[in-house]
Protein chains: 2
Amino acid sequence: MKTEILKVLRESGGYVSGQQLCDSFGVSRTAVWKVIDQLKKEGYEIEAVRNKGYRLIESPDVMGQAELESLIDTRWAGKTVVYAKETDSTNIQAKALGEKGAVHGTLVVADRQTAGKGRRGRRWTSPPGTSIYMTILLKPQFLPSKAPMLTLVMALSVAEGIMGETGLPAQIKWPNDIVVNGKKVCGILTEMSAEIDYINYVVTGAGVNVNADSFPEDIARTATSLYIEGGVKLRRAQLAASIVERYEKNYEMFMETEDLSRLKDPYNRLLVNCRKEVRILEPGNEYEAVASGINDTGELVVMTADGKEKAIYAGEVSVRGVYGYV
Amino acid sequence: MKTEILKVLRESGGYVSGQQLCDSFGVSRTAVWKVIDQLKKEGYEIEAVRNKGYRLIESPDVMGQAELESLIDTRWAGKTVVYAKETDSTNIQAKALGEKGAVHGTLVVADRQTAGKGRRGRRWTSPPGTSIYMTILLKPQFLPSKAPMLTLVMALSVAEGIMGETGLPAQIKWPNDIVVNGKKVCGILTEMSAEIDYINYVVTGAGVNVNADSFPEDIARTATSLYIEGGVKLRRAQLAASIVERYEKNYEMFMETEDLSRLKDPYNRLLVNCRKEVRILEPGNEYEAVASGINDTGELVVMTADGKEKAIYAGEVSVRGVYGYV
């Protein structure tokens, strides 16, 4: 009921009488009062005025199941939110839920990760209170070979969500990072459990640097936060909800063709590598080329120095910008 | 120490003095006696003769960690055996061990599965006492797209193991079944946990019908056991060890090229579909063709009625023999 009351207060914008809340949810005045009290304890500023009712004055940067569920306006993505103040990694938790039969679209969110993961088992620094650590669990019907494209679907959704909520010029560094002003604000990691021709489940996690005001020295050169770049502290749950809503929309566009043909243009418009020189690091081979964007299956299309076009699969190479980090 | 004493007794073939065992393992007479007593309780017939020592008269069909470890003669495959009298599914257990960082080559074996799995989440009937349920956990360095080939590596190893231990004409039904006289004796299921370009771990499970003397009515038409076909009860641990040993060898051949080019010929010699009419069931399309064998990546190469050659990927089609089950 916490989720619902929060939603009613937020959507009304003004006062909502206690009686109205009682009637809406078929509960007693005391029950309503208890929920309001809980919300206050979590940090929400709620005014109670006799003969007028309750009013939500301010939603602070609260992360929690009720906050997220009351904000996420979707049909299936994030309709079930599993929130933890602290967890090992939201990807690990989402995979465990996948093993136990959790539904398509389940969203796992944490305020802090003790074993945050980047690609290839690298560590992802995950301090509390300032970041979004979120993972969505899917059970798609398509072939396992198509799953890597979900990283790009999420990348597009995160970039769009950041731009929508902050106006900052978020860009995608192919295939799985989001950068603002050339520095990383988000990394994305897709993992799946699959048979030869059948996906048991697939999880896509995103770690977004939102309100941090500084970074450890070893990553400060390449990492930034939306607060550092924009100067405004954000409500993380609002941004997470915005990302999930865009993800649902983008995923459905993806499913129409089971590839990126409908998302390619918006993706390429946000691609930081586009029309830039990139350095391709193949095993035992390194060369420069000019990237022109992704193709329908998410490969990066580049033009080599001898004028040949090549499509590069994320698994086979690393791509570095020639100048600076991106 | 149970594994080691069992090994010494088996390898000697005759009497081994208690003193010799004490000296070999640096333990007391009582300790040796206790192990011998345990082995007897598990069903081993061990004779103890004064002034001569202990002699292993008969190894019954015991499945267990010590039995398996004392029989498996490999460098890395199955050097760690995790045995359970009963488990949900050896694939599920192997995946859980993979999450926890178990080593490459860990072998999970059970006498009974309560939730045995076939492909696409189908049930695999798993009664106790007569079958092998085994899963090997690998942590390979190659790309996830190559993992499906491991099903074929295991299929070849199981077929070779059965032929080596029983002389029965085991054949492979592409991609993942082993048949004897046209009926199924083994199914294989590969599952993996992976990132876009990185395998966290991959498990390949095999369920082998060994000593069953009958099958439930609904599967009796298509399933059989090695006992039904050969008339001889087998020691399951011996067969499991033989399969693991061949798997190690075949996997190493696979790794030389990271494809099936070195295993293609032995695989095709055992392929029941070879030079047979097969019915290809593509989504929304069904036709007959003649199979000629697998190619380097494990696809089934067929010749269609209009003389065209096609390579069929396991994920995209089902293949049925035109006559009967296979």
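Residues numbered from 1 in each chain as written. Chains lettered and ligands numbered in written order. Predicted model: local features only at pLDDT ≥ 70, side-chain atom pairs only at ≥ 80, totals over all residues. Heavy atoms only, no water.

- Named according to an unreviewed UniProt entry, chain A is Bifunctional ligase/repressor BirA originating from Extibacter muris.
- Quoted verbatim from the Sequence similarities (unreviewed entry) field of UniProt, the annotation for chain A is "Belongs to the biotin--protein ligase family."
- Per UniProt, chain A carries the Catalytic activity (unreviewed entry) text "biotin + L-lysyl-[protein] + ATP = N(6)-biotinyl-L-lysyl-[protein] + AMP + diphosphate + H(+)". (UniProt positions renumbered as here; feature names shortened; annotations may be inferred.)

Here's the deal with the overall build of chain A
Turning to step 1, where the next piece is worked out: Along the backbone of chain A there are 10 helices and 14 strands.
Turning to step 2, where the next piece is worked out: For 326 residues, the compact-globule estimate of 2.2 N^0.38 gives 20 Å, and the C-alpha radius of gyration of chain A, at 21 Å, lies within 12% of that figure.
Turning to step 3, where the next piece is worked out: Each principal axis of the C-alpha distribution contributes one length, and for chain A these read about 80 × 45 × 35 Å.
Turning to step 4, where the next piece is worked out: When each of the 326 residues of chain A is scored for burial, the buried share is 53%.
Turning to step 5, where the next piece is worked out: Taking the contacts inside chain A whose residues are at least 6 apart along the sequence as the reference set, 62% of them involve residues at least 24 apart.
Turning to step 6, where the next piece is worked out: Total accessible area on chain A is roughly 14,400 Å²; 47% of this is exposed by carbon and sulfur atoms.
Turning to step 7, where the next piece is worked out: Charged side chains in chain A number 41 positive and 42 negative. The centres of these two groups are separated by 4 Å. (Helix = DSSP H or I, 4+ residues; strand = E, 2+ residues; numbered from the N terminus. Rg over C-alpha atoms; globule rule 2.2 N^0.38 Å. Buried < 20%, exposed > 50% of the residue type's maximum accessible area, 1.4 Å probe, protein only. Contact = heavy atoms within 4.5 Å. Areas by Shrake-Rupley, 256 points an atom, 1.4 Å probe, with all protein chains shown as cover. Lys, Arg positive; Asp, Glu negative; His and termini not counted. Charge placed at Lys NZ, Arg CZ, Asp CG, Glu CD.)

What to know about helix α3 (residues 29-42) of chain B
Residues and elements named next belong to chain B.
Turning to step 1, where the next piece is worked out: In a regular helix each residue adds 1.5 Å, so 14 residues correspond to 20 Å; α3 covers 20 Å between its end C-alpha atoms and thus fits that length.
Turning to step 2, where the next piece is worked out: Looking only at α3, the buried set comprises V32, V35, I36 and L39. Projected down its long axis, α3 carries its buried residues within an arc of 100°, all on one side. Those residues of α3 that are exposed and angled more than 90 degrees off the buried face are K34 and K41.
Turning to step 3, where the next piece is worked out: Buried residues along α3 sit in contact with α1 (2-12), α2 (18-25), β1 (45-49) and β2 (53-58). (Expected span 1.5 Å × (residues − 1). Arc of directions from axis to C-beta.)

Some words on the packing of aromatic side chains
Turning to step 1, where the next piece is worked out: Under the criterion given, the structure shown has 8 aromatic pairs over all chains.
Turning to step 2, where the next piece is worked out: An angle of 35° between the planes, with centres 6.1 Å apart, marks the rings of A:Y251 and A:F254 as tilted. Highlighted residues: A:Y251 and A:F254, both in helix α9 (residues 236-257), separated by 3 residues, approximately one helical turn.
Turning to step 3, where the next piece is worked out: Arranged with centres 6.0 Å apart and planes meeting at 20°, the rings of B:Y247 and B:Y251 form a pair that is stacked. With a gap of 4 residues between them, B:Y247 and B:Y251 both fall in helix α9 (residues 236-257), about one helical turn apart.
Turning to step 4, where the next piece is worked out: Residue B:Y247 is classed as buried on the basis of its relative accessible area, which comes to 1%.
Turning to step 5, where the next piece is worked out: Clustering of aromatic rings is evident, with ring pairs tying together A:W76, A:F142, A:Y247, A:Y251 and A:F254.
Turning to step 6, where the next piece is worked out: When the ring centre of A:Y227 is taken as reference, the NZ or CZ atom of A:K233 above it lies at 4.5 Å. (Phe/Tyr/Trp six-rings, centres within 6.5 Å; stacked < 30°, edge-to-face > 60°. Lys NZ or Arg CZ within 6 Å of the ring centre and 35° of its normal.)

As for the UniProt feature "domain: BPL/LPL catalytic" (unreviewed entry) in chain A
Turning to step 1, where the next piece is worked out: Under the present numbering, the feature "domain: BPL/LPL catalytic" (unreviewed entry) in UniProt falls on residues 65-255 of chain A.
Turning to step 2, where the next piece is worked out: Across residues 65-255 of chain A, helical content stands at 34% and strand content at 29%; the span's end C-alpha atoms are separated by 28 Å.

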